[in-house]
Every structure is written in structure tokens, then in C-alpha cells.
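Summary of the model geometry
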Amino acid sequence: MKRKPIVGISMKIYQNKIDDAVNYAKSVSNLERDEKQVDLFLLPSLGTIYPVSKALLENNSIIKFGAQNIAPIKNGAMTGEFSLESLIDMGGSYVELGHYERRTFLQENDEVINTKVQLAVQNNLIPILCIGEPQKEDSQNLEKTFTNMLNSDLANIDPQKLNNMLIAYEPYWAIGKEEAANADYVANVHHIIRKVLQNTLGNVSQNIRIIYGGSVSKNSAKEIANSEDVDGVFVGRFGHDPNNFKKIIEEVKKAQY
Ligand code: PGA
């Protein structure tokens with residue numbers, strides 16, 4: 001195994017009540033108290049980040065947390081946005097950027113995403129950069145798509161600063177579905193992404209963890225993770241039950257890559 005596996009979960013805006021979010025965070029923390037082989041992160045719904053952060057810290061949890069978005073500026077006139085200053089103040093580590101839902105429904109473009117990635121790394125937050133293709137493509141087209149996306153999203157950043165970054169490969173067509181993308185397809189795409197990262201960033205690409213997201217469940221996690229360039233999974237709905245989330249983590253650990 002080349003890189004330590006990592007499993008994360010985003011609550012999007014599925015779980016918005018403080019009690020529910022805190023109970024979830026505590027349950028997962030208790031289930032994962034002794035986990036050493038896998039890094040873990042939780043991205044709560046924005047309105048519950050603060051109480052979740054407190055619960056995780058008070059629990060001495062190994063689970064790191066983060067935000068699903070940040071504003072492209074640190075502070076100032078940007079009504080309704082969320083500043084990374086708050087995330088840092090709460091002790092957050094990760095920031096998810098460029099998710100399909102933000103790119104599509106909120107028209108977030110590569111230029112804005114690049115500004116946010118820059119801001120995150122300047123402030124020692126770890127970006128989780130989401131990339132994906134709208135529909136299945138052959139390898140040649142995939143390489144073009146990811147070359148364009150990564151060149152734009154990571155422009156003007158010192159590659160050394162991206163050592164910790166996560167890339168979340170999330171094919172648009174596999175998000176919110178019954179089943180994840182096929183494991184062979186995912187293995188091929190991760191291989192292509194690693195190649196593109198090598199061309200764009202050089203050797204740092206060997207340290208960057210590339211995780212798969214899009215309808216991952218306890219049934220698909222092991223097969224998907226069972227590939228050299230898949231370094232973990234990014235879970236959505238199928239981890240909303242803490243026991244299922246735990247099962248997904250256990251399945252990833254069984255993968256033989
Ligand atoms: P899903 O969400 O597993 O519910 O499809 C994954 C994601 O969008 O990150």
C-alpha cells in the first residue's frame with residue numbers, strides 16, 4: 001500500500017438538527033476510537049459544524065472535520081457566505097471544493113474554485129478537490145477532461161503546498177444513485193488522474209490521495225478500494241447510519257491494494 005487510506009463522509013444538508021448531528025458525530029467517534037489504519041473525516045451540514053466540532057474535540061475523537069465550502073475571500077463583503085476564518089477558529093482541517101452540486105446548481109466555475117484552493121492552502125487547510133465527468137467517457141477523453149480541470153483548479157499554486165490535498169473523483173452520473181460506478185471503471189479513472197497529476201504537479205502526485213465518491217456503500221467499498229490508485233472513499237447517503245459508515249471503513253481495510 002503506497003498511501004494511508006482515508007474515508008470521509010459529507011452530510012450535505014441531509015442532517016441539519018444540532019442534536020442529530022452531534023449524536024451522529026459521537027456515535028461514529030465511539031465506534032472508531034481505536035482506528036489507526038485509516039484516516040477519517042466528517043463534513044457536517046454548515047449549521048451544525050460548531051456543535052459537531054465541540055463534540056469531536058470533547059470526545060478526543062480521531063475524526064477530523066471540515067466544511068463543504070468556503071467563501072473565496074477571508075472576510076469582507078460577501079453576504080451569506082462562510083469564511084474559512086470560522087472553520088480555522090473551530091479547529092477544522094478540511095475544506096471540500098468543487099463538488100458537482102456546487103459546480104452545477106450554483107454555477108461555481110474553475111476560476112472561483114482555484115481561488116478557494118489557493119486560499120485554503122495559504123491558510124493550512126486541506127482541500128478536498130472534487131472532480132468528475134458528466135457522463136461516461138473513454139480514456140482519451142477522460143484524460144482531456146481531467147487535464148483541463150486540474151490545470152485550472154490548481155493553477156498558480158506551488159505543488160509542494162498540495163502534498164496533503166485530497167482529490168475526490170466523483171463522476172456526476174454516479175452521485176445520488178442506487179449504486180456506485182463500476183470498480184474497474186473507477187480504477188482506470190484514478191490511474192488517469194494520477195497520470196494527469198504527475199504531468200501537472202510532478203512527484204508530489206505520488207503523495208496525493210485520490211478517493212472515490214458517488215453512491216459508495218458497504219457493498220461496493222471494498223471492490224472500489226481494491227486498486228492501486230484508489231486511496232479511500234468519500235461517502236454520502238449510505239453512511240448516514242453510523243453502523244453502515246463503520247462497515248464501509250472495515251470494507252476499505254479489507255482491500256488488498
Ligand atoms: P452520495 O453522495 O453517496 O449520496 O451519492 C456522494 C457525494 O456527492 O459526495
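The text that follows walks through the structure, step by step, so that each part is easy to find. (Residues numbered from 1 in each chain as written. Predicted model: local features only at pLDDT ≥ 70, side-chain atom pairs only at ≥ 80, totals over all residues. Heavy atoms only, no water.)

Some thoughts on the site of the ligand
In the neighbourhood of the ligand, the contacting residues comprise Lys-12, His-99, Glu-170, Ile-175, Gly-176, Gly-214, Ser-215, Gly-236 and Arg-237. The separation between an oxygen atom of the ligand and a polar side-chain atom of Lys-12 is 2.7 Å. Coverage of the ligand by the protein amounts to 99% of the 280 Å² it exposes when considered alone. Classifying every residue of the shell around the ligand by side-chain character gives 1 nonpolar, 5 polar and 3 charged. (Near = heavy atom within 4 Å. Polar contact = N/O pair within 3.5 Å; in protein donor to acceptor, adjacent residues only side chain to side chain. Areas by Shrake-Rupley, 256 points an atom, 1.4 Å probe, with all protein chains shown as cover. Nonpolar A, V, L, I, M, F, W, Y, C, P; charged D, E, K, R; others polar.)

With respect to the nonpolar core
Counting 72 residues, the largest nonpolar core has Ile-167 and Ile-193 as the members making the most contacts within it. Top element by residues in this core is helix α7 (residues 183-201). It accounts for 9 residues. Not counting residues within four places of it along the chain, the set of residues in contact with Ile-167 comprises Leu-129, Ile-131, Leu-150, Ile-193, Leu-197, Ile-208, Arg-209, Ile-210 and Ile-211. Within the second largest apolar cluster, 11 residues are counted, among which are Ile-6, Tyr-94, Ile-128 and Ala-168. (Core = buried A, V, L, I, M, F, W, Y, C linked by side-chain atoms within 4.5 Å. Buried < 20%, exposed > 50% of the residue type's maximum accessible area, 1.4 Å probe, protein only. Helix = DSSP H or I, 4+ residues; strand = E, 2+ residues; numbered from the N terminus. Contact = heavy atoms within 4.5 Å.)

Observations concerning helix α6 (residues 139-153)
Because each turn of an α-helix spans 3.6 residues, side chains separated by three or four positions end up pointing in the same direction. For α6, built from 15 residues, the straight-helix expectation of 21 Å at 1.5 Å per residue is met to within 8% by its first-to-last C-alpha distance of 21 Å. For α6, the complete set of buried residues consists of Leu-142, Phe-146, Met-149, Leu-150 and Asp-153. The buried residues of α6 occupy one face: seen down the axis, they fall within an arc of 90°. Opposite its buried face, α6 presents the exposed residues Gln-140, Lys-144 and Asn-148, each directed more than 90 degrees away. Looking at the packing, one finds that the buried side of α6 touches α4 (100-105), α5 (110-122), β5 (126-131), β6 (166-169) and α7. (Expected span 1.5 Å × (residues − 1). Arc of directions from axis to C-beta.)

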